[in-house]
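Here is how the chains run, residue by residue.
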Amino acid sequence: MQERLEKVLGEYGRSPADLIPILQHVQDEFGYLPQETMDGIAAHAGVPKSKVYGVATFYTMFRFEPLGRNHVCVCRGTACHVRGADQILEHVQRHLGIEEGETTEDGEFSLETVACIGCCALAPVMTVNQEVHGRLKPKTATRTLKKYATADKEEGQ
Amino acid sequence: MEKITVTLNGKKVKAEKGMTILEIAEQQGIRLPTLCHSEVLEPTAACRMCVVEVEGARALVPACVNQAGDGMKIKTHSDKVVRARRVFLELLWSAHPNDCTVCEKSGACDLQEYSYEYGVDVSKYQDKYQYTVDGSNPYYVRDYNKCILCGKCIRACDEIQGNNVLDFANRGFDAMVSTPFKLPLEESNCVFCGNCVALCPTGALMEKERYGKGREWEFERTHTTCPYCGCGCTFDLCVKDNKIVKADSTDFKNNPVNKTALCVKGRFGLGFVHSEDRLDYPLMLKVPREERTYTLKDYKKVSWKKALDYVAERLSQIKSEHGPGALGGFSSARTTNEENYVFQKFVRAVLGTNNVDHCARLCHSSTVAGLAKAFGSGAMTNSIGELKDCDCILVTGSNTTATHPIISLEIKKAVRNNNCKLIVVEPRNIDLCAISTLALHQRPGTDVAWLNGMMNVIIAEGLQNQEFIDERCEGYEELKKTVAAYTPEKVEEITGIPADSLREAARIYATSEKSSLIYSMGITQHTSGTDNVLSTANLAMLCGQIGRPSTGVNPLRGQNNVQGACDLGALPNVYSGYQPVTNPDIQKKFEEAWGVPLDPNIGLTVTLMIEAASEGKLKGLYIMGENPMVTDPDLNHAEEALKKLDFLVVQDIFPTETAVLADVILPGVSFAEKTGTFTNTERRVQLVRQAIEPEGQRKQDYAIICEVAKRMGYKMRYSSQEAIMREIAALTPSYGGITYKRIAETGGLAWPCPDKKHPGTPYLHKDKFARGKGLFSAVDYRDPAEMTDDEYPVILTTGRILEHYHSGSMSRRSRPLDEHVPSGWVEISPKLAAELGVADGEMVNVASRRGAITTKARVTDKVINNIVFIPFHFAEAAANRLTNGALDPVARIPEYKVCAVKISKNGG
Ligand code: SF4
Ligand code: SF4
Ligand code: SF4
Ligand code: FES
Ligand code: FES
């Protein structure tokens, strides 16, 4: 891991201004921001580790856990919000047993929220692996997720 | 300074250009509410509580960051402003729990105070934070439900402590202060200085020890000086019902050395004052010598009268049977100046001998000897506050972040804000290495070699300050000849420091405008200790890096009052103020003042008294506040010697490892129970003020000494410690102008302070050295007394850690410190650990030619190759069972820093 990190870091200047591009690149490289890369990033950009963590948690695009095989995004944009996005999110969280930004223990699902996917007409909306599912109700949301889980299993067999 | 005029609430007022609106308001006695602002931090304008209305400005402006312009019209409490403040406060309450009634901060909480002032309705909101309260570390509680995100803790950790443990994480409602990955503080690089706690405006960060011990408005506050290290931090002791609740450093204007900062010991380590173990009554041995168990079981409680009579009788008896030379006293670097003065007076005038010394022998006697020879005065030449303006700081033999935490903050500040180049020369990979320009790792005990090597480079490259040398120094030619042999290549062979790194270090030190040299026990505690010190002085003189602000040779003294104990004559060769006992005029002066004939011969040092005791020549010993049974080298030997004494009296606050060897134990008082003065490492004399009444039958230490003196036929009576200071000032030129009143007015005076008008002397040797010309001493490198061999192939070096102090008698009795670091260890490099097959956390045996201990292995890259490190605070695995008692020939300081050991797996 350190080698891959070094390679990424090598492409950037040693300045705090490069922190965000570095974080983006590291995330592209590993799919997430592994905890073990923090020291190296902090040292390279010349900022404290606490700052790296602060910046990385400020922007929703960064995550500290690898994505699950299925990536779920629940929209919390205005249109979805008024049509009950919160309820959808709550159900999805309960169903998967994780909070947003986390990945299930079996690595099956990871969950994020976004602000407006651009399908407001279908609100409330969520995407699973970039596929849009609209006009959701709590029940249909969980049913959709179940489908992905079984689909995986079938593929695996 | 350019003046401006502004209109403040309709009134024209004058101010200086560059002042912020907040400063002007304060100057006019108008208090503006602030939450994120602190005078000890850089302004950020995060909370907007301080907003004011400025005519012509589009929006309200935060007063804490905006400078006033000429002609500005400002309203600080207009309706608009008040309404805005109320809204900000209400927003804060939207997530903050409504539990002021049970909050420890109540009464000192800014949020609470402003909410009252601005009439905020705190009950409107229901959507509160739901964080779990974090009480996982031993020192303080983090309750982020009460956090108002002002960021002061983050900035305190960044700007004051330089550790950057914290930052804001997440955003929106979820924004919070966090360590990286929300790690517990103990797994972060937090050093528990608590500077964040001191600055937090709400109850989000609170000292653990204070819970349930009282509310802010119930405390009596007493401004006093820290009892731990030589930095000499000051703080307010907050007391309720005669118990210390906390140390409070927020009144930073009264704390000249430390401002708001303290270290973990000063802030969280004062619990020892109320320890169950405190001695409350005089104790006398009740069993015959043969049956002693060397525990408190051997003793019975007696009255003061009985104890004092007996002490006087036994000391008198030894004096008349064997002569005064059979008696001696160990004074204490922890007690006040006044007590040290009285103690040495007692030994000299009453016991009749110069056999008086204290633990400075074991840490800095080589400094006193070396610097007195080179400059004429053996103390830090410059003050702590000057460090931040240095261009180069050379730190050697000092793990400053652990041993002198507050001084390390000044070093960090210099590096960060003044672009100062930091050069660290240390066998270990200490924390300062991380921010250094150059980190050189010498083999322990080879300091003369690399110092000579640096001088070799400087002279070879013509970088010396010839003008300074010619005008102000002598002995240069000799030095030049000697260092000529120390080429960087040769030095590399001896020390292991790469030749080119040494060259670079020499150039940086010599060519920087203001270079300061800092050292501590890593330089002094060697058989070549005095030579090491002389070499540091040589280097500074060679480059003219002395006698100006932010330069100098700065030995960091360990204990709170080790400087004072030396200053006040708790040394066998000098009276107070370093006046030699061998000088007949001086002798006469003291004979007249004290009304008795005095001994013109130099007495025995601590180390020689131990020697004399083991030979049966020293029969009686009076030990005040020292614990040689943990701190002396080659402990097995010291223990035998003390057991051989005919009579030992120990005056202390705890039944220490030494006390239980005594015939009589007398209970003195701690710093919190007495008034007096301490002199910190920069020679600043500061006040210690009594905050609580002594419990039990504890007596003031000076009063105990006076009582014994009286019973031995010498009248010694003082109405207070202040009266003692008057006598000190009268007899001690360098303390001549020091009075309690002046110290209180100035916040501490640095000696020399010869008369009542003198402002004190922050840096020494300005136009001329104390001895006239600075003296170069050509010294050659000698090997340490003990080298490694096949049987003992590992080099042991010993030292202190941040969380504990000295023999641990205070710090290990303070709950949070003891809980955090309950036992000792040996640091082993990964390389050596692999060779030995030892794993991290495993128990190992460490043995030297003198003794063996068992302790836990800590595998860490803080140590390098075959060097291991053991902190010496832990009696049950005392490093000093291993160390070498070999002495420096001049200062008689033992070689704690190098000895040869072997390490084996426990049971293996
Ligand atoms: S205790 Fe000191 S080191 Fe720890 S977080 Fe607070 S300021 Fe930083
Ligand atoms: S913990 Fe205290 S100091 Fe830190 S941001 Fe919160 S309120 Fe401010
Ligand atoms: S131990 Fe030293 S640094 Fe720590 S608070 Fe006390 S005087 Fe200051
Ligand atoms: S608000 Fe959800 S898709 Fe636009
Ligand atoms: S005090 Fe001025 S913005 Fe916080």
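Here, residues in each chain are numbered from 1, in the same order as that chain's written sequence. Starting at A for chains and at 1 for ligands, labels are handed out in the order in which the entities are written. In keeping with the predicted nature of the model, local features appear solely for residues at pLDDT of at least 70, side-chain atom pairs appear and are counted solely at 80 or more, and the whole-chain, interface and lining totals rest on all residues. The side-chain quantities take in all heavy atoms of the structure and omit both hydrogens and water.

Colleague: What am I meant to see in the overall build of chain B here?
Modeller: Put simply, DSSP H or I for four residues or longer makes a helix, DSSP E for two residues or longer makes a strand, and each gets a number counted from the N terminus. Helices and strands together make up the secondary structure of chain B, namely 29 helices and 37 strands. The size measure is the radius of gyration over C-alpha atoms, and the globule rule it meets is 2.2 Å times the number of residues to the 0.38 power. The globule rule puts the C-alpha radius of gyration for 908 residues at 29 Å, and the 29 Å found for chain B is close to it. Counting only C-alpha atoms and orienting by the principal axes, one finds that chain B spans roughly 90 × 70 × 65 Å. Each residue is placed in one exposure class: buried if its accessible area under a 1.4 Å probe, protein chains only, is under 20% of its type's maximum, exposed if it is over 50%, and partly exposed if it falls in between. Within chain B, the fraction of its 908 residues that count as buried is 64%.

Colleague: What is the right way to look at the interface of chain B and chain A in this model?
Modeller: A common way to state how big an interface is: give the accessible area lost once the parts meet. Listed per partner, the contact involves 14 residues of chain B and 13 residues of chain A. In total, about 1100 Å² of surface goes out of reach between chain B and chain A, with carbon and sulfur atoms giving 61% of it. What counts as a salt bridge is simple: a side-chain nitrogen of Lys or Arg found within 4 Å of a carboxyl oxygen of Asp or Glu. Counting across the chain B and chain A interface gives one salt bridge. Across the salt bridge formed by Lys-51 of chain A and Asp-167 of chain B, the nearest N and O atoms sit 3.2 Å from each other. Note that Gly is not counted as nonpolar here; it falls among the polar residues with everything else outside the nonpolar set of Ala, Val, Leu, Ile, Met, Phe, Trp, Tyr, Cys and Pro and the charged set of Asp, Glu, Lys and Arg. Partitioned by chemical class, the residues of the side of chain B that touches chain A number seven nonpolar, four polar and three charged. By definition in these notes, contact holds between two residues if any of their heavy atoms fall within 4.5 Å. In this description, buried area is defined as the sum, over both parts, of the accessible area (probe of 1.4 Å) that is lost when the two are combined.

Colleague: Please explain the site of ligand 2 as it appears in this structure.
Modeller: Here a residue is near a molecule or strand as soon as one of its heavy atoms is found within 4 Å of it. Ligand 2 sits among 14 residues. The nearest are Cys-147, Cys-150, Gly-151, Cys-153 and Cys-200 of chain B. Of the residues that constitute the shell around ligand 2, the class distribution is eleven nonpolar, two polar and one charged.

Colleague: What should I look at first to understand the site of ligand 1 in this one?
Modeller: What surrounds ligand 1 is the set Tyr-140, Cys-157, Gln-161, Val-165, Leu-166, Cys-190, Val-191, Phe-192, Cys-193, Gly-194 and Cys-196 of chain B. Split into classes, the residues belonging to the shell around ligand 1 amount to nine nonpolar, two polar and no charged.

Colleague: I would appreciate a short explanation of the packing of aromatic side chains in the present structure.
Modeller: The relation between two aromatic rings is expressed through the spacing of the ring centres and the mutual angle of the planes. Residue and element names in this part refer to chain B. Between 30 and 60 degrees the pair is tilted, below 30 it is stacked and above 60 it is edge-to-face, where a pair is any two Phe, Tyr or Trp rings, Trp via its six-membered ring, whose centres lie within 6.5 Å. Per the counting criterion, the structure on display carries 26 aromatic pairs over all chains. Its end group placed over the ring of Tyr-281, Lys-301 keeps NZ or CZ at 4.3 Å from the ring centre. Here, over-ring charges are defined by two tests on the NZ atom of lysine or the CZ atom of arginine: distance to the ring centre within 6 Å, and angle to the ring normal within 35 degrees. If you follow Lys-699 out to its NZ or CZ, it ends over the ring of Trp-304, 5.3 Å from the centre.

Colleague: What should I look at first to understand the nonpolar core in this one?
Modeller: Grouped burial of nonpolar side chains is what soluble globular proteins tend to show. Residues and elements named next belong to chain B. Here, nonpolar core means buried Ala, Val, Leu, Ile, Met, Phe, Trp, Tyr and Cys residues that are tied together by side-chain atoms lying within 4.5 Å of each other. Counting 75 residues, the largest nonpolar core has Tyr-140, Leu-237, Phe-272, Ile-393, Ile-411 and Phe-671 as the members making the most contacts within it. Excluding its chain neighbours within four sequence positions, the residues that come into contact with Ile-393 are Leu-387, Ile-411, Ala-414, Cys-420, Lys-421, Leu-422, Ile-423, Ser-516 and Ile-518. The next biggest cluster of nonpolar side chains, apart from the first, holds 59 residues, and it includes Ala-349, Val-581, Tyr-702 and Cys-753.

Colleague: When you look at the domain arrangement of chain B in this model, what are you seeing that I'm missing?
Modeller: For the domains described, the bounds stem from an automatic or database domain assignment. Split by domain assignment, chain B resolves into domain 1 (3–77), domain 2 (283–363 + 561–735), domain 3 (366–555) and domain 4 (794–905). One C-alpha centre belongs to domain 1 of chain B, the other to domain 4 of chain B, and the line joining them spans 55 Å.

Colleague: Would you take a moment to explain the environment of Ile-743 of chain B for this structure?
Modeller: All names here are of chain B. Among the structural elements, Ile-743 can be located in helix H27 (residues 740–746). Expressed as a C-alpha distance, the spacing of Ile-743 and Glu-187, which sit 556 residues apart in the sequence, is 42 Å. Residue contacts for Ile-743: discarding those within four places in its chain leaves Thr-677, Val-685, Gln-686, Leu-687, Ile-738, Gly-748 and Leu-749.

Colleague: How should I be thinking about empty space enclosed by the protein in this particular structure?
Modeller: Regions of empty space are outlined by a rolling probe, equal in size to a water molecule, passed over the atoms. All names here are of chain B. Space inside and on the surface of the protein is sampled on a 1 Å grid over the protein atoms alone, with a cavity defined as a set of points where a 1.4 Å probe fits but cannot get out and a pocket as an open set with protein on both sides within 12 Å along at least 5 of 7 lines; lining residues have an atom within 4 Å of a point. Grid points are joined across faces, edges and corners, and a volume is the space filled by probe spheres set on the points. Counted by the stated rule, this structure contains nine cavities of 30 Å³ or more. One number sums up the size of the largest cavity: a volume of about 280 Å³. Forming the walls of the largest cavity are 25 residues, and the residues nearest its centre are Gly-397, Glu-426, Gly-522, Thr-798 and Lys-897. Broken down by element, the lining of the largest cavity gets its largest block of residues, three residues, from strand S32 (residues 794–799).

Colleague: Help me out: how do you make sense of helix H17 (residues 499–511) of chain B in this one?
Modeller: Three- or four-residue spacings in an α-helix give side chains the same orientation, since the helix completes a turn every 3.6 residues. For H17 of chain B, built from 13 residues, the straight-helix expectation of 18 Å at 1.5 Å per residue is met to within 8% by its first-to-last C-alpha distance of 18 Å. Looking only at H17 of chain B, the buried set comprises Ala-499, Ser-501, Leu-502, Arg-503, Ala-505, Ala-506, Ile-508, Tyr-509 and Ala-510 of chain B. One less than the number of residues in a helix, times 1.5 Å, gives the span that helix is expected to have.

Colleague: Looking at this structure, I do not really get the sheet that holds strand S11 (residues 234–240) of chain B. What am I missing?
Modeller: All names here are of chain B. Each pair of strands is called paired provided DSSP finds at least two bridges between the two strands. Sheet architecture is open: three strands sit in the order S10-S11-S12, paired in antiparallel fashion. Each having just a single partner strand, strand S10 (220–225) and strand S12 (243–248) make up the two edges of the open sheet. The average angle at which neighbouring strand axes cross in this sheet is 35°, direction not considered. With six bridges connecting them, S10 and S11 associate as antiparallel partners. Angles run from 0 to 180 degrees between N-to-C directions of axes, and those axes are lines fitted to C-alpha atoms, restricted for helices to the stretch in contact.

Colleague: What is the right way to look at the packing of helix H13 (residues 447–460) of chain B against helix H16 (residues 488–495) of chain B in this model?
Modeller: Two measures define how a pair of helices packs: the angle their axes make with one another and the distance between the axes. Residues and elements named next belong to chain B. Interaxial distance between H13 and H16 falls to 9 Å at its minimum, and their mutual angle equals 165°. One element, H13, and the other, H16, form an angle in the roughly antiparallel class. By crossing handedness, the relation of H13 to H16 is classed as left-handed. Note on element contacts: H16 touches H13 through Pro-488, Val-491, Ile-494 and Thr-495, opposite Ala-449, Trp-450, Gly-453, Asn-456 and Val-457. Considering only residue class, the contact of H13 with H16 consists of six nonpolar, three polar and no charged. Angular relationships are summarised with four words: roughly parallel below 35 degrees, roughly antiparallel beyond 145, roughly perpendicular across 65 to 115, and oblique for the angles in between. Note on convention: near helix rotated counterclockwise from far helix by under a right angle means a left-handed crossing. Clockwise means right-handed.

Colleague: Could you clarify how one ought to interpret the sheet that holds strand S1 (residues 3–8) of chain B in this entry?
Modeller: The strands making up a sheet are joined through hydrogen bonds of the backbone, oriented either antiparallel or parallel. Residues and elements named next belong to chain B. Spatially, five strands are ordered S2-S1-S5-S3-S4 in an open sheet, and the strand pairing comes out mixed. Both outer strands of the open sheet, strand S2 (11–16) and strand S4 (61–62), are each paired with one neighbouring strand and no more. Both S1 and strand S5 (residues 73–75) contribute to a ladder of two bridges, which runs parallel. From the neighbouring strand, Thr-7 faces S5, where its bridge partner is Lys-73.

Colleague: In this structure, what is going on with the side chain of Glu-90 of chain B? I would like to understand it.
Modeller: All names here are of chain B. Within the secondary structure, Glu-90 is located in helix H2 (residues 79–93). Here Glu-90 falls in the buried class, since its relative accessible area comes to 14%. Setting aside chain neighbours within four positions, we find Glu-90 in contact with Val-120, Asp-121, Lys-124 and Tyr-125.

Colleague: Would you mind going over the pairing of strand S1 (residues 70–75) of chain A with me for this structure?
Modeller: Within a regular strand, side chains alternate between the sheet's two faces. All names here are of chain A. Of all six residues making up S1, six are buried, and the element is well covered by its neighbours. Burial along S1 is two-sided: the face carrying Asn-70, Val-72 and Val-74 and the face carrying His-71, Cys-73 and Cys-75 are both buried. In the sheet, S1 pairs with strand S2 (residues 109–114) via six bridges, with the strands oriented parallel. Each bridged residue has a counterpart across the sheet, and for Val-72 the counterpart in S2 is Leu-111. In this sheet, strand S3 (residues 126–128) lies alongside S1 in antiparallel orientation, the contact comprising three bridges.

Colleague: Can you help me understand the layout of surface pockets in this one?
Modeller: Approximately 1300 Å³ is the volume found for the second largest pocket. Together, 35 residues line the second largest pocket, and Glu-99, Glu-100 and Gly-101 of chain A together with Asn-170 and Asp-174 of chain B are the ones closest to its centre. Among the elements of the structure, helix H4 (49–58), helix H6 (85–96) and S2 of chain A are those that each provide at least two residues to the lining of the second largest pocket. Counted by class, the lining of the second largest pocket contains 14 nonpolar, eight polar and 13 charged residues. Both domains that furnish three or more residues to the lining of the second largest pocket are identified here as domain 1 (2–58) and domain 2 (70–156) of chain A.

Colleague: Please clarify how the side chain of Glu-216 of chain B should be interpreted in this entry.
Modeller: Residues and elements named next belong to chain B. With respect to the helices and strands, the residue Glu-216 is situated in the loop between strand S9 (205–207) and S10. Assessed through its relative accessible area of 10%, Glu-216 is described here as buried. Definition of a polar contact: a pair of N or O atoms within 3.5 Å, with one able to donate and the other able to accept a hydrogen when the atoms are protein atoms, and with sequence-neighbouring residues admitted only if both atoms are side-chain atoms. Within the structure, the side chain of Glu-216 is placed 3.0 Å from the side chain of Arg-210, a separation counted as a polar contact. With residues near it in sequence (within four places) discarded, Glu-216 still touches Glu-104, Lys-105, Ser-106, Gly-107, Ala-108, Arg-210, Arg-221 and Lys-246.

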